[in-house]
Structures are given as C-alpha cells and as structure tokens.
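Letter by letter, the chains look like this.
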Amino acid sequence: MVASSNDIRTNSDKSSIYEDRGWKRSDPVPDHIYDIHKSLVEEEVIIRSEIISCSKQFISKIEKDQPNPEKPRRIKRCHYVNLCPICNNLLEQFVEKQMNPYRQVLLDNGGKNILMTFKLRHNQKSSLKHLQKVLKDSIKKLKDDNIWKRTLFPSKYRFYVKTEYEISWSEENGFHPHCHLQIGTTNPMPTDEMKSLVALAWKRVVTTVSPNKFFIPNLSNGVDVSDTPSGKHSKDKDPYGMDALKKMQKKSNKKMKEKFKKLNAAESERIKGSYSLIQMQSNLKDIFIPVLKEIYRTTVKRFRRIFFNVNTHHTLISKISSK
Ligand SMILES: [Zn+2]
C-alpha cells in the first residue's frame, strides 16, 4: 500500500517503531475510533485542519519524566473533545477511570448508582441548537432545584454526579438531544419514588426554561430512572454490540461497513429507527451524513459534554484510597 498523509498514525503506531526503541505501545484509543475519524474526514463532516491532523504526528514531551520517563514523545492530539472522535473517546475513558473507584466504594457500602435520562418533546422541525439550549439550561436549573438539592440528593446522600449529553436522531422525529445523569447516592428512598418526584420537577423546570410550550415533556416520557450498578446505559449505549466490535481486529473499512449493515437490519426493529451518534458515525449511510454535518456544525466548542463531580463532603470520601 502506498503511504499517504492519512496513514501517518498507522505507520508510526503499527510499524516496529515501538519495539525498535523498546517502547510499549500505549495508545489507548481503539482502532475503530481511528476508522470513524478517517471516514468523517473523507465525507467532509470533519473540516477543521487541526482535527483532521489529530493523532498523526508525534510531539516531544515538554516534561520528560511524565508519565514514562524513557518515552520522549507522545502522540499529538487536537483536544477538540466535542468535534473529534479520537479526543472524545479519550475524554470518555478519562471520565470513566475517574469515576470507577467512587462507584465501587459506593456499591460496596450499600449505595446506589442511579441513572436518569432527561428528554424533551420535539419533532422533526425542532432545531438542534434550540433543543440543546433548552436541555442544557433545564439540567442546570434542575440541579439547583429544591427537590433535587433537599429531597432527592442532599449533600449527605449525594456522593457523585456524572453528567453526559448525547444526541440521537431518527428520521421520524429528528434530533433528540438528551442528558444522562448518573448519581451515586446513599439515599434510602426507593427508586420509584425518586422517579415520580424527579418527573414532576423536570416538567416544571422545562416549563420555566422553554418559551415554547411544545417542548414540555409529559410525566411518563420525560425522565427514565433506573438503578444501574454497572453505570452502562444499556438502552442507547451499546445496542449494536460496539464492545464486541472493539475487540474484533478490523480488517478493512469495507468489512466494517458490511458488519454494520447486517447489524442494522437485525437491530432496526429494537431501536425503532433511532440512532446514536456512534452508530451514525460507524455506519456512514447517505442519510446520516447531513445529520452528522448538522451536529458537528452546531456543537459549541466550549460546551462540556461529559463531566464528573464528586461531593467531597460525603462520608464515603474517607474510603477512597488516595494515590
Ligand atoms: Zn483530536
């Protein structure tokens, strides 16, 4: 194969450069994420040059002793976490690593990892930008609401909150931005009771935030609540078995696309034509390309898509071993 500029990472990563120099291959990004990046560049969904060239060069480390003193260089990333699938994947891995010890201590001590998914009403005509703004403002307001702060997750019970914004899309209903909150809590309140309280609060909060009454969710559809020890959102996180795909050594882009085509046919019934971002990115069907372009265009650069907050006043904090 003739090497092009697109192959630089492949060359440096997969050649014997690491072994030649006695380095351990330490790139934590799985291959399929590089494939997604590559095809988004090919389809001109990704157009910024810094993002196009992400992970294609090595740069010298400024501080040579961190974290591997014998390794003088690292891969140059673009750090556009909302727009670059590679940097986004690194951020997800980072947040997950950060959260794991806290979730473990919580579960070991009788707490619950509650997953809540917050949605808005929308239709095909709702603009993505507006939906995102209403969602973001509503989540912010909800976390500041008395029901949230004093009844559901007061400081003595609330150990951590992981916040994650996602966008899915369907042909029938258009963009569907939603927010997953994972709350580590020692509140003994039954999950059902939490659900009915939070559904009321969500409806009320969206009503005050949105100028358009159409977005106000109804009580049964606005919020999903479940006790989820694993922290995985089974519903929209991995319906195509991405985890299995990650393990599969990919042979070529074409094979990957075929694999998704098959999965699509088999799974379309279950997910009712609604696609997550990773599904659309992994299977660049013609109908997804304008959708992805719209998502990439309207995503605000400094928007925090995923973050983790720990409540250092919770008593369980003493059980977290400091490294
Ligand atoms: Zn990047």
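Here we summarise the structure given alongside this text.

Parameters and conventions
- Residues numbered from 1 in each chain as written.
- Predicted model: local features only at pLDDT ≥ 70, side-chain atom pairs only at ≥ 80, totals over all residues.
- Heavy atoms only, no water.
- Helix = DSSP H or I, 4+ residues; strand = E, 2+ residues; numbered from the N terminus.
- Buried < 20%, exposed > 50% of the residue type's maximum accessible area, 1.4 Å probe, protein only.
- Contact = heavy atoms within 4.5 Å.
- Areas by Shrake-Rupley, 256 points an atom, 1.4 Å probe, with all protein chains shown as cover.
- Donors = N, O, S within 2.8 Å, 3.2 Å for Na, K, Ca; no water.
- Tetrahedral: all angles 85-135°; square planar, octahedral: opposite > 155°, others 65-115°.
- Pairing = 2+ DSSP bridges.
- Axes fitted to C-alpha atoms, helices over the stretch in contact; angles between N-to-C directions.
- Parallel < 35°, antiparallel > 145°, perpendicular 65-115°, else oblique.
- Left-handed = near helix turned anticlockwise from the far one by under 90°.
- Nonpolar A, V, L, I, M, F, W, Y, C, P; charged D, E, K, R; others polar.

### Notes on the overall build of the chain
Helix and strand content of the chain: 13 helices and eight strands. Burial status across the chain gives 47% buried among its 323 residues. Put simply, of all contacts in the chain between residues at least 6 apart along the chain, 71% involve residues at least 24 apart. A total accessible area of about 17700 Å² is found for the chain, and carbon and sulfur atoms account for 52% of it.

### Focus on the coordination of the zinc ion
Looking at the zinc ion, one finds its protein donor set to be Cys 54 (SG), Cys 78 (SG), Cys 84 (SG) and Cys 87 (SG), positioned 2.3 to 2.4 Å from the metal centre. Coordination at the zinc ion comes from four donor atoms whose angles at the metal span 102 to 115 degrees, giving a geometry best classed as tetrahedral. Mapping the donors of the zinc ion onto the primary sequence yields the spacing C-x23-C-x5-C-x2-C. With Cys 54 in the loop between helix H4 (49-52) and strand E1 (58-60) and Cys 87 in helix H5 (residues 85-108), this pair connects stretches of sequence that are 33 residues apart.

### Focus on the pairing of strand E4 (residues 158-170)
Within E4, 12 of the 13 residues are buried, which leaves it mostly tucked inside the rest of the structure. The sheet contact formed by E4 and strand E5 (residues 174-185) spans 12 bridges and is antiparallel. Its bridge partner lying in E5, Lys 162 is registered against Gln 182. Here E4 folds back onto E5 in antiparallel fashion, the turn holding three residues. When E4 meets strand E8 (residues 306-310), the two strands line up antiparallel, connected through five bridges.

### Structural notes on the packing of helix H6 (residues 128-143) against helix H8 (residues 191-209)
At a closest axis distance of 9 Å, the pairing of H6 and H8 adopts a crossing angle of 125 degrees. Between H6 and H8, the angle falls in the class oblique. Both H6 and H8 take part in a crossing whose hand is right-handed. For the pair H6 and H8, the contacting residues are Val 134, Leu 135, Asp 137, Ser 138, Ile 139, Lys 141 and Leu 142 in the first and Ala 201, Trp 202, Val 205, Val 206, Thr 208 and Val 209 in the second. For the contact of H6 with H8, the residue count by class is nine nonpolar, two polar and two charged.

Interpretation in functional terms is not warranted from these geometric data alone.
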